[in-house]
Protein chains: 2
Amino acid sequence: MGKEEAGGYPSLIEDSGLASTPARAQVLEILANSQSPLTAREIHATLARTQAVDRTTVYRSLDVFVEAGLAERITSGDRAFRYGMGRRSLHARHPHFFCRQCGDMECLSAGAVELRMEDFVRTFAGLVERVEVRMDGICKNCLRRGGAGK
Amino acid sequence: MGKEEAGGYPSLIEDSGLASTPARAQVLEILANSQSPLTAREIHATLARTQAVDRTTVYRSLDVFVEAGLAERITSGDRAFRYGMGRRSLHARHPHFFCRQCGDMECLSAGAVELRMEDFVRTFAGLVERVEVRMDGICKNCLRRGGAGK
DNA sequence: TGACCGATGCAACCAAGTTGCATAGATTGC
DNA sequence: GCAATCTATGCAACTTGGTTGCATCGGTCA
Ligand SMILES: [Mn+2]
Ligand SMILES: [Mn+2]
Ligand SMILES: [Zn+2]
Ligand SMILES: [Zn+2]
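To start, this report covers the structure provided alongside it. (Residues numbered from 1 in each chain as written. Chains lettered and ligands numbered in written order. Predicted model: local features only at pLDDT ≥ 70, side-chain atom pairs only at ≥ 80, totals over all residues. Heavy atoms only, no water.)

1. Observations concerning the protein's contact with DNA strand C
Here comes step 1: In the vicinity of DNA strand C there are 22 residues, among which Arg41 and Arg55 of chain A together with Thr21, Thr57 and Arg60 of chain B approach most closely.
Here comes step 2: Per the 4 Å cut-off to the protein, sugar and phosphate atoms form 62% of the nearby atoms of DNA strand C.
Here comes step 3: The contact in question runs from a phosphate oxygen of DNA strand C to an N or O atom on the side chain of Thr57 of chain B, over 2.5 Å.
Here comes step 4: Breaking the surface near DNA strand C down by element, the ones donating at least two residues are helix H3 (40-48) and helix H4 (55-68) of chain A together with helix H2 (22-33) and helix H4 (55-68) of chain B.
Here comes step 5: Top contributing element to the surface near DNA strand C by residue count: H4 of chain A, with five residues. (Near = heavy atom within 4 Å. Polar contact = N/O pair within 3.5 Å; in protein donor to acceptor, adjacent residues only side chain to side chain. Helix = DSSP H or I, 4+ residues; strand = E, 2+ residues; numbered from the N terminus.)

See below:
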């Protein structure tokens, strides 16, 4: 699934100035292979199927990845952050959809929405580092099995 | 500061099919008078200056307001939701800016960004109920006193 | 008047994430 | 090669933001 060039995730991690460890490489691989952004809990659950890693290590790996731009922290409509590949990992920015019924989040194509903000950024007194566009609603699965009821 | 027509917040609440109580009216008034979206904690702190209300009541008031469209729940870059006036309270949708340094959130003018998503919404299999646009970065105050260092 | 219903308070609980500290494993200096 | 030095990890305790169960209280209505 995830195509990786020579060296794979370890070298991607090292190219960002971080030490590569088995746990970190696996966390990044899980992120890279996912169609949708994942919670730390989901990442840990996947990881734990093959090796025993503490959840703290997952949290800390994600933190350093986000700091280094390797991963992106995405807010959702619920109380848990999601993580996806970051811009430093050949990943284009794109909006997301959050289903308030089942809690699933999906990546939308980068061109799904057109966002123009250059004029604003130019005149804004603060520093804009990133933008998040998220649509909330009911996903098609939840629509099929039961309507938009809370 | 907050201009209110005859009846004020109590009737605004009742017009949404909810019972108006002193606590609810005050929560809504605090929201209406704020320049920026507030956390439940901030609302409770403000409220507590004039009367003893349990934080649970604040949470529950906000829940029913959001459900009724009187208030809007907004995600930020940190772990706490913010609340602002909702669309059913004569409030236009607009983007927000979140400062990752001081945690302050500010409302941006509705025209700050141009967002085109009709084409997407028309062809999307799910139901899109709302959209959130949030910029993250460093606010001008934090820029002045110390740069963008974390 | 009395049954009812919803809003509130309060305590317990929960989920997500963070922190302190000890250890193990790798890296560096010599 | 060996010791001094990081640093990633594990594990437990803690924090924060929010939710839930349950008892009570105050209106509304037959
Ligand atoms: Mn994505
Ligand atoms: Mn706002
Ligand atoms: Zn769904
Ligand atoms: Zn700031």
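2. Observations concerning the interface of chain B and chain A
Here comes step 1: Counting residues at the interface gives 36 residues for chain B, matched by 36 residues for chain A.
Here comes step 2: Surface buried jointly by chain B and chain A totals about 3,100 Å² across both partners, of which 57% is contributed by carbon and sulfur atoms.
Here comes step 3: In this structure, the connection of chain B to chain A is made through six salt bridges.
Here comes step 4: Glu129 of chain A is the partner of Arg100 of chain B in a salt bridge, and the nearest nitrogen-oxygen pair spans 2.7 Å.
Here comes step 5: Inspection of the chain B/chain A interface yields 16 residue pairs in polar contact (both at pLDDT 80 or more). (Contact = heavy atoms within 4.5 Å. Buried area = accessible area lost by both parts, 1.4 Å probe. Salt bridge = Lys/Arg side-chain N within 4 Å of Asp/Glu carboxyl O.)

3. A few points about the protein's contact with DNA strand D
Here comes step 1: Taken together, 21 residues lie around DNA strand D, and Thr21, Thr57 and Arg60 of chain A together with Arg41 and Arg55 of chain B are the ones closest in.
Here comes step 2: Among the atoms of DNA strand D lying within 4 Å of the protein, the sugar-phosphate backbone contributes 60%.
Here comes step 3: For DNA strand D, a phosphate oxygen lies 3.1 Å from a polar atom in the side chain of Tyr59 of chain B.
Here comes step 4: Here the surface near DNA strand D takes five residues from H4 of chain B, the largest share from any one element.
Here comes step 5: The class makeup of the residues in the surface near DNA strand D is seven nonpolar, four polar and 10 charged. (Nonpolar A, V, L, I, M, F, W, Y, C, P; charged D, E, K, R; others polar.)

4. Some thoughts on the pattern of salt bridges
Here comes step 1: Per the stated rule, a full pass over the model turns up 22 salt bridges over all chains.
Here comes step 2: One salt bridge in this structure joins Arg116 of chain B and Glu118 of chain B, with 4.0 Å as the shortest N-O distance.
Here comes step 3: Assessed through its relative accessible area of 41%, Glu118 of chain B is described here as partly exposed.
Here comes step 4: Taken together, the shared-partner salt bridges in this structure form one network comprising Glu72, Arg130 and Glu132 of chain A together with Arg134 and Asp136 of chain B. (Buried < 20%, exposed > 50% of the residue type's maximum accessible area, 1.4 Å probe, protein only.)

5. Comments concerning the coordination of the manganese ion (ligand 1)
Residues and elements named next belong to chain A.
Here comes step 1: Around the manganese ion (ligand 1), the protein supplies His94 (NE2), His96 (NE2) and Cys107 (SG) as donor atoms, at distances of 2.1 to 2.3 Å.
Here comes step 2: Along the chain, the residues donating to the manganese ion (ligand 1) fall in the pattern H-x1-H-x10-C. Take His94 and His96: they sit in the same class, and that class is buried. (Donors = N, O, S within 2.8 Å, 3.2 Å for Na, K, Ca; no water.)

6. Some details on the nonpolar core
Here comes step 1: Residues Phe97 and Met135 of chain A together with Phe97, Val128 and Met135 of chain B are the most contacted members of the largest nonpolar core, which totals 32 residues.
Here comes step 2: Of all elements in the fold, only strand S3 (96-99) and strand S6 (127-138) of chain A together with strand S3 (96-99) and strand S6 (127-138) of chain B reach the threshold of two or more residues within this core. (Core = buried A, V, L, I, M, F, W, Y, C linked by side-chain atoms within 4.5 Å.)

7. A word on the environment of Ser76 of chain B
Here comes step 1: Position of Ser76 of chain B among the secondary structure elements: in the loop between strand S1 (71-74) and strand S2 (82-85).
Here comes step 2: Distance from Ser76 of chain B to Thr56 of chain B, taken between C-alpha atoms, is 21 Å for residues 20 residues apart in sequence.
Here comes step 3: If sequence neighbours within four positions are ignored, Ser76 of chain B has contacts with Thr75 of chain A together with Arg82, Phe98, Met105 and Arg134 of chain B.
Here comes step 4: In terms of polar contacts, Ser76 of chain B uses its side chain to reach the side chain of Asp78 of chain B, at 2.7 Å.
Here comes step 5: Side-chain polar atoms of Ser76 of chain B contact the backbone oxygen of Ala80 of chain B, separated by 3.2 Å.

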